[in-house]
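Below, each chain spelled out in residue letters.
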Amino acid sequence: MDTEFKVIPLTGSLGAKVVGVDLANLTSDAFDKVRAAFLEHTVLVFPDQELTLDDQIGFARRFGTLEIHPIVNGLEEKPEVIKMLKPAGESASFGVGWHTDNSFFEEPSMGSIIYAQTIPPHGGDTLFASQYVAYERLSDGMKAMLGGLKAIHTAKDAYTSDTAQEKYEGKTAITYRWSDSVLKEVLHPVVRTHPETGRKALYVNPMFTTRFENMTEEESQPLLEYLFKHCTRPEFGCRIGWEPKQVAMWDNRCVMHYAVDDYKEFERMLYRVTINGDKPV
Ligand code: SIN
């Protein structure tokens, strides 16, 4: 690797491109720099990486244990790897909509690491929004009110839709298996404190958050709608395009993301591994 290690910010709110690093052969010093960049920028893009699946898994394991998704099937031989294949001619449906990965778990995912393989000639970008900045831009009154609230997260809407049904039936490239976690409801604070940085982040998302604790969906809707609109404001975000061999990783404890479905005629394929997280506080 002849280029010097550099972290180049993507926007004023989050995201950075990292160059001069070989993720398949990371010294502990280089790993410490990557980890520091991850905590500071929350979304990292690493162009042009030569990785096997074992390298991708090995890199992810340096951050923590890996998740085997209870609903989305991983590779048979490596269940911690999800092959995100969207065949040409089909609409994208995985990750399409603002969310943080698996906020419907008691201990939601800490981070996700994607390695791109087949990328459409245009389209198929991923959007990110900093939930640190979303929280920081609220008024003191709103921060004080949200600080006392908890919200219900559940996969029931996302994982029982018509498109999800086809995945349980095995008719699609990504397949699902039924599990109790589809209908489970879990409670998380609306504002969480990041366990490593100590910064506060908004922690609700339109894919999985359905209502506030001790309130009906109808009662919760006006404030949730406001928060969903607020937390994805363009000033809080960045948009990344993909290239084959590009790695991207993000911190689900303080970032939401959205896979853009605008490349129906083309194939897109990426491998994802997900790092286990802890209970939001
Ligand atoms: C996801 O992991 O939610 C999807 C990301 C993507 O396909 O860009």
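Model, not experiment: these values are computed from the prediction.

**Points about unusual backbone geometry**
Here is step 1 of the chain: Positive phi, close to 70°, is recorded for Thr42, a residue that is not glycine.
Here is step 2 of the chain: Along the chain, the position of Thr42 falls in the loop between helix H1 (28-41) and strand E3 (43-46).
Here is step 3 of the chain: Look at Thr42 and you get buried, because its relative accessible area is 2%.
Here is step 4 of the chain: Of note in this structure, Asp48 is not a glycine but carries a positive phi near 55°.
Here is step 5 of the chain: With respect to the helices and strands, the residue Asp48 is situated in the loop between E3 and helix H2 (53-61).
Here is step 6 of the chain: Among the residues examined, Asp48 registers a relative accessible area of 62% and is labelled exposed.

**As for the pairing of strand E5 (residues 111-118)**
Every other side chain in a regular strand lies on the same face of the sheet, so the side chains alternate between the two faces.
Here is step 1 of the chain: Taking burial as the measure, the eight residues of E5 include six buried ones, the bulk of the element.
Here is step 2 of the chain: Two strands pair when backbone bridges link them, and E5 and strand E13 (residues 247-251) are joined in this way by five bridges, in the antiparallel orientation. Note that in E13 the partner of Tyr115 across the bridge is Val247.
Here is step 3 of the chain: The sheet contact formed by E5 and strand E15 (residues 268-275) spans seven bridges and is antiparallel. When the bridges of E15 are listed, Gly111 appears paired with Ile275.

**Structural notes on the pattern of salt bridges**
Here is step 1 of the chain: With the rule as written, the count across this model stands at 16 salt bridges.
Here is step 2 of the chain: Residues Glu106 and Lys279 are paired through a salt bridge, measuring 3.4 Å at the closest nitrogen-oxygen approach. Of this pair, Glu106 sits in the loop between strand E4 (81-86) and E5 while Lys279 sits in the segment after E15, and the two are 173 residues apart along the sequence.
Here is step 3 of the chain: Between Glu169 and Lys171 there is a salt bridge, with its nearest N and O atoms 2.8 Å apart.
Here is step 4 of the chain: Note on Glu169: relative accessible area 43%, which makes it partly exposed.
Here is step 5 of the chain: In this structure Lys171 comes out as exposed when scored by relative accessible area, which is 61%.
Here is step 6 of the chain: Linked by salt bridges that have partners in common, Arg35, Glu196, Asp251 and Arg253 make up one network.

**Re H2**
Here is step 1 of the chain: By the burial criterion, the buried members of H2 are Leu53, Gln56, Ile57, Phe59 and Ala60. Seen end-on, H2 carries its buried residues on one side only, within an arc spanning 160°.
Here is step 2 of the chain: Close packing links the buried residues of H2 with H1, E4, E5, E13 and E15.

Cut-offs applied
Residues numbered from 1 in each chain as written. Predicted model: local features only at pLDDT ≥ 70, side-chain atom pairs only at ≥ 80, totals over all residues. Heavy atoms only, no water. Helix = DSSP H or I, 4+ residues; strand = E, 2+ residues; numbered from the N terminus. Buried < 20%, exposed > 50% of the residue type's maximum accessible area, 1.4 Å probe, protein only. Pairing = 2+ DSSP bridges. Salt bridge = Lys/Arg side-chain N within 4 Å of Asp/Glu carboxyl O. Arc of directions from axis to C-beta. Contact = heavy atoms within 4.5 Å.

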